[in-house]
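This is what each chain is made of:
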Amino acid sequence: MSAVAASPAPDPPAAPRPRAVPHLLAGPATLLFAALVLTPLILTALLSLNEFEYATGRAHGFTLAHYAAVLGDPYYLEIFLRTFRVAALATGICVVIGVPEAYVLSRMRRPWRSVFLLVVLAPLLVSVVVRAFGWSMLLGPEGPVNDVLAVLGFGKKRMLYSEGTVVVALVHVMLPFMIIPVWTSLQKLDPAVEQAALSFGASRATAVLRVVAPQILPGILSGSLIVFGLSASAFAIPGLLGGRRLKMVATIVYDQYLSDLNWPLGAAVAVILLAANLIVMLTYHRVVEGHYRKRMG
Amino acid sequence: MSFLELRNVMKRYGSLDAVRDFTLSVKRGEFVSLLGPSGCGKTTTLQMIAGFVEVTAGTIQLDGRDITRAKPNSRGLGIVFQSYALFPHMTVADNVSFGLEMRRVPKAERAARVEEALALVHLDKYAGRYPRELSGGQRQRVALARAIVIRPPVLLLDEPLSNLDAKLREAMQFELRDIQRKVGTTTVMVTHDQAEAFSISDRVVVMEAGRITQIDQPYRIYEHPETEFISRFVGKTNLLPGTVTASADGGATVSLAGIPVPVHGDGLGGGEAVVLCIRPEKLRLTAPGQGRVPGQVSDRFFLGSQWLYHVDGPLGTLMAVSPNDGEPPLEPGAPVGVDWSPRVVRLLRGGLPASAPTLEELE
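Keep in mind that this is a model prediction, so the values were computed, not measured.

(A) Structural view of the overall build of chain A. For chain A, the helix and strand inventory stands at 14 helices and two strands. Taking 19 Å as the expected radius of gyration for a compact globule of 297 residues, we find that chain A reaches 25 Å, considerably beyond that expectation. Considering only C-alpha atoms, chain A reaches an extent of 80 × 70 × 35 Å along its principal axes. A buried classification covers 29% of the 297 residues belonging to chain A. Contacts in chain A between residues at least 24 apart in sequence constitute 71% of all its contacts with a sequence separation of at least 6.

(B) Quick look at the environment of A287 of chain B. Here A287 of chain B lies in the loop between strand 15 (284–286) and strand 16 (293–302). Along the primary structure A287 of chain B and L164 of chain B are separated by 123 residues, whereas in three dimensions their C-alpha atoms are 43 Å apart.

(C) A look at the packing of helix 9 (residues 191–199) of chain A against helix 10 (residues 204–215) of chain A. Residue and element names in this part refer to chain A. It is at 10 Å that the axes of helix 9 and helix 10 come closest, and there the two elements cross at 135°. Accordingly, the angle class assigned to the pair helix 9 and helix 10 is oblique. Judged by the sense of rotation from one axis to the other, the crossing of helix 9 with helix 10 is right-handed. Counting all contacts with helix 9, which are made through V193, E194, A197 and L198, the residues of helix 10 involved are A207, R210, V211 and V212.

(D) View of the domain arrangement of chain B. Parsing chain B into structural domains produces domain 1 (2–229) and domain 2 (236–362). For domain 1 of chain B versus domain 2 of chain B, the distance between C-alpha centres works out to 38 Å.

(E) A look at the sheet that holds strand 16 of chain B. Residues and elements named next belong to chain B. If you trace the five strands from one edge of the open sheet to the other, you get 15-19-16-17-18, paired in antiparallel fashion. At either margin of the open sheet sits one strand with a lone partner, and together these are strand 15 and strand 18 (316–323). Strand-to-strand twist across the sheet, computed as the mean angle between neighbouring axes with direction ignored, equals 45°.

(F) Highlighting the interface of chain A and chain B. Of the residues lining the interface, 17 residues belong to chain A; the matching set on chain B comes to 20 residues. Among the secondary structure elements, those contributing two or more residues to the side of chain A that touches chain B are helix 9, helix 10 and helix 14 (263–296) of chain A. Examining the composition of the side of chain A that touches chain B, we find that six residues originate from one element, helix 9 of chain A, more than from any other. Here the side of chain A that touches chain B is built from residues that sort into nine nonpolar, six polar and two charged.

(G) Fine view of the sheet that holds strand 14 (residues 273–278) of chain B. Residue and element names in this part refer to chain B. Ordered in space as 13-12-11-14-20, the five strands form an open sheet in which the pairing is antiparallel. Of all strands in the sheet, those bounded by a partner on one side alone are strand 13 (259–264) and strand 20 (346–349). The average angle at which neighbouring strand axes cross in this sheet is 45°, direction not considered. Relative to strand 14, strand 11 (residues 238–248) runs antiparallel, the two sharing six bridges. When the bridges of strand 14 are listed, N238 appears paired with I278.

(H) Structural detail: unusual backbone geometry. Residue and element names in this part refer to chain B. The phi angle at N8 is positive, at roughly 45°, despite the residue not being glycine. On the secondary structure map, N8 appears in strand 1 (residues 2–13). N8 sits in the exposed class, given 11 other C-beta atoms within 10 Å. In this structure, R151 takes a positive phi of about 45° despite not being glycine. Within the secondary structure, R151 sits in the loop between helix 5 (136–148) and strand 7 (154–158).

The rules behind these values
Residues numbered from 1 in each chain as written. Chains lettered and ligands numbered in written order. Predicted model: local features only at pLDDT ≥ 70, side-chain atom pairs only at ≥ 80, totals over all residues. Helix = DSSP H or I, 4+ residues; strand = E, 2+ residues; numbered from the N terminus. Rg over C-alpha atoms; globule rule 2.2 N^0.38 Å. Buried ≥ 20, exposed ≤ 12 C-beta atoms within 10 Å, placed from the backbone. Contact = placed C-beta atoms within 7 Å. Axes fitted to C-alpha atoms, helices over the stretch in contact; angles between N-to-C directions. Parallel < 35°, antiparallel > 145°, perpendicular 65-115°, else oblique. Left-handed = near helix turned anticlockwise from the far one by under 90°. Domains from an automatic or database assignment. Pairing = 2+ DSSP bridges. Nonpolar A, V, L, I, M, F, W, Y, C, P; charged D, E, K, R; others polar.

Structure, rendered in structure tokens:
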């Protein structure tokens, strides 16, 4: 590389910029990304291809046996299906709750908007573990919810360690990640557009559905991608509220690494989760974004 | 017979009266403009008619029906927003069709009316485009088509032309008036541009600080401004403070800096402080030594069809406009005489308010 190309000298604007400059500027971020994200990923992928011996615990050689074991075993398939079912449910509920909540938030007046935005964000300030324990106290056999049910004559219900509980707790944790992007895209909306819909005789619900919602689709899209991705790989919530019986992919990986000490198998499960997650999210992104791009350009 | 009637309409924000004592009746088919500087309450008034801003006091009647508290979506008015507020995710045809859909107009009729409205604004070839694929002027016309296709009793235009460049704005003014004449819809337009208000309105409502100051035909507002504010806001003007020295039946003599000037006007008392108001195009520049006052050209500006001169003299600096008749213009420094006919002098009672800007500030 020549000295001229390397120095971002204040050239006259007409002169073509040395081609190396953008790459150099992107260098530090690339290095960081390679060191902190790519390297562990590659190591995990390599580990998943190693042979494993129970007696010595040593991992070496090359095999695809772990992938075959995971993909051919209905036990794992069920866990994968459950994980994606739970993540999809949590995402769906987050859309149903979060989008109207963001809309209401954006329509609030000045002091209240900041107050309620803070309320929405407040859960992020508390550790997920603490919140998971909170839910387990609330829904536990001696918890207040069961007390109320008992008083009302329904009898005690076993709520912990069920898919429903995991979904509820995930929604609680993930809601801000849905609200923030939707709120941001609502901020960019011209308020006159909604007024226009009203002035042409639309009811408020119609105005929101036909005019506002299509325009905040990108916000809903990015919100659901974040929520889905985080939910599908969530560990603390399923671990604490799903218990030993209700396994999800992230807890299985943990078990393989720390209980069975079968690192290659755990790595294989992790790689499959990553791949499956990517496929689901990219497909979703393509469908929604394509739909939006066709109209909004 | 008034069609849209606002009676003593008021809007208060906290302790601030954005609009006060707004009383206006608009006849069926009339084109009325609300004209005023920004912050004068004209947009608030329009929003109250539209129903987007709650009325604090007073009533609004449309064709005999009280709509003061009616919801915006039950008023059935056609509105063109300043930002156009087109639905960006719908095609031009869908945008125009939206209001008809909400009114549950049958599909076949809807298509016909959309086509008709788009033809009216010369956009029939663009029905399948999205708003982002249109130019500013075309978007403006989509907004107009969308508003008139529902055949509203009243069309509300909020600064409809302010986002267009000068050339297009002028063309659209005439087109807007033309379309309004064709469909005959009663129209209320808000604008801060007096040329726009004058060229297309039947009547103009001049507003200042939340109040109506004058309602009249454009020509009368220009020629007979009732206040010093209007005479300054509407077009250019020379404001000359003076004192009545002698009065007779139908006329008087006013002393301007010691120079006696005859004016028309009844009931003027001697010693009364008045302001004379003379439009620059009504001053004639004559040969030196002639005319009412002497002067010297201090500056000149070429306006294309006219020359604008600043003339220094005993009355201060006067603005005078002469048509560009092809003759060479006067040079700065040239001595001239300034003349005018007593008929063109407008007289405002009471002296200039203390806050009246000087000539320098007005430019």
